[in-house]
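Below, each chain spelled out in residue letters.
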Amino acid sequence: MNPMVEFCVSNLANGAQEAFEILERDPNLDVLEYGCLSYCTKCSDTLYAIVNGDLVEADTPSELVTNIYKYIEENPLF
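About the criteria used
Position numbers for residues count from 1 along each chain, tracking the sequence in the order it is written. Where totals are concerned, whole chains, interfaces and linings use all residues; where local detail is concerned, this predicted model gives features only for residues with pLDDT of at least 70, and gives and counts side-chain atom pairs only at 80 or more. As a convention, hydrogens and water are excluded, and side-chain values are obtained from all of the structure's heavy atoms. Where helices and strands are cited, they refer to DSSP runs of H or I of at least four residues and of E of at least two residues respectively, numbered from the N terminus. Only the C-alpha atoms count toward the radius of gyration. The rule for a globule is 2.2 Å times the residue count to the power 0.38. Burial classification: accessible surface area is computed with a 1.4 Å probe over protein chains only, and a residue below 20% of its type maximum counts as buried, one above 50% as exposed, and the rest as partly exposed. For this analysis, residues touch if any pair of their heavy atoms sits within 4.5 Å. Buried residues of nine kinds, namely Ala, Val, Leu, Ile, Met, Phe, Trp, Tyr and Cys, make up a nonpolar core once their side-chain atoms join them within 4.5 Å. What a helix should span is 1.5 Å times the count of its residues minus one. To get the bend at a given residue, fit one axis to the seven residues ending there, fit another to the seven starting there, and take the angle between those axes. We define a salt bridge as a side-chain nitrogen of Lys or Arg found within 4 Å of a carboxyl oxygen belonging to Asp or Glu.

Engineer: Mind showing me how you'd approach the overall build of the chain here?
Structural biologist: For the chain, the count of helices and strands is three helices and four strands. When the helices and strands of the chain are listed from N to C terminus, the series reads β-α-β-α-β-β-α. Over its C-alpha atoms the chain spans a radius of gyration of 11 Å, differing by no more than 12% from the 12 Å that the globule rule assigns to 78 residues. With respect to the three principal axes, the spread of C-alpha positions in the chain is 35 × 20 × 20 Å. Within the chain, buried positions represent 38% of all 78 residues. Here the contacts in the chain between residues at least 6 apart in sequence split such that 59% fall between residues at least 24 apart.

This is how it looks when you write it as structure tokens:
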């Protein structure tokens, strides 16, 4: 089972698209896009993704990618 990384389409439009594209190329991740993840206040303030059910935030797309991989490393699925 691969880690699941979920993005809100509005957050992608706000700047997370680059992180989405980088992570989507990783065959060891399941990267999904949704219309809304109900984190509207976060969505307007920061870049974020939901990783295995938990919120991971960053100020830039590259920082978001780094934070997501760090989260996955520190919180293995099994």
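Engineer: For this particular structure, what's the right way to read the nonpolar core?
Structural biologist: Grouped burial of nonpolar side chains is what soluble globular proteins tend to show. Counting 19 residues, the largest nonpolar core has Val-5, Phe-7, Leu-23, Val-31, Val-51, Leu-64 and Ile-68 as its most contacted members. Counting residues per element, the ones that place at least two in this core are strand S1 (4–8), helix H1 (9–24), strand S3 (47–51), strand S4 (54–58) and helix H3 (61–74). With sequence-adjacent residues up to four places away left out, Leu-23 is seen in contact with Val-5, Phe-7, Leu-29, Val-31, Val-65, Ile-68 and Tyr-69. Cys-8, Leu-37, Cys-43 and Tyr-48 belong to the second largest nonpolar core, which has five residues in total.

Engineer: It is not clear to me how H1 should be interpreted in this structure. Could you clarify?
Structural biologist: An α-helix turns once every 3.6 residues. As a result, residues three or four positions apart point the same way. Between its first and last C-alpha, H1 extends only 14 Å over 16 residues, short of the 22 Å set by a 1.5 Å rise per residue. The largest bend in H1 amounts to roughly 105° and is located at Gly-15. Where H1 is buried, its residues meet S1, strand S2 (30–34), helix H2 (40–45), S3 and H3.

Engineer: I tried to follow the pattern of salt bridges on my own but got confused; where do I start?
Structural biologist: Oppositely charged side chains can form a pair if their charged atoms are brought close together. Taken as a whole, this structure holds one salt bridge when the rule is applied. For Glu-57, the salt bridge goes to Lys-42, with nearest N and O atoms at 3.4 Å. Here Glu-57 is found in strand S4, whereas its partner Lys-42 is found in helix H2, with 15 residues between them in sequence.

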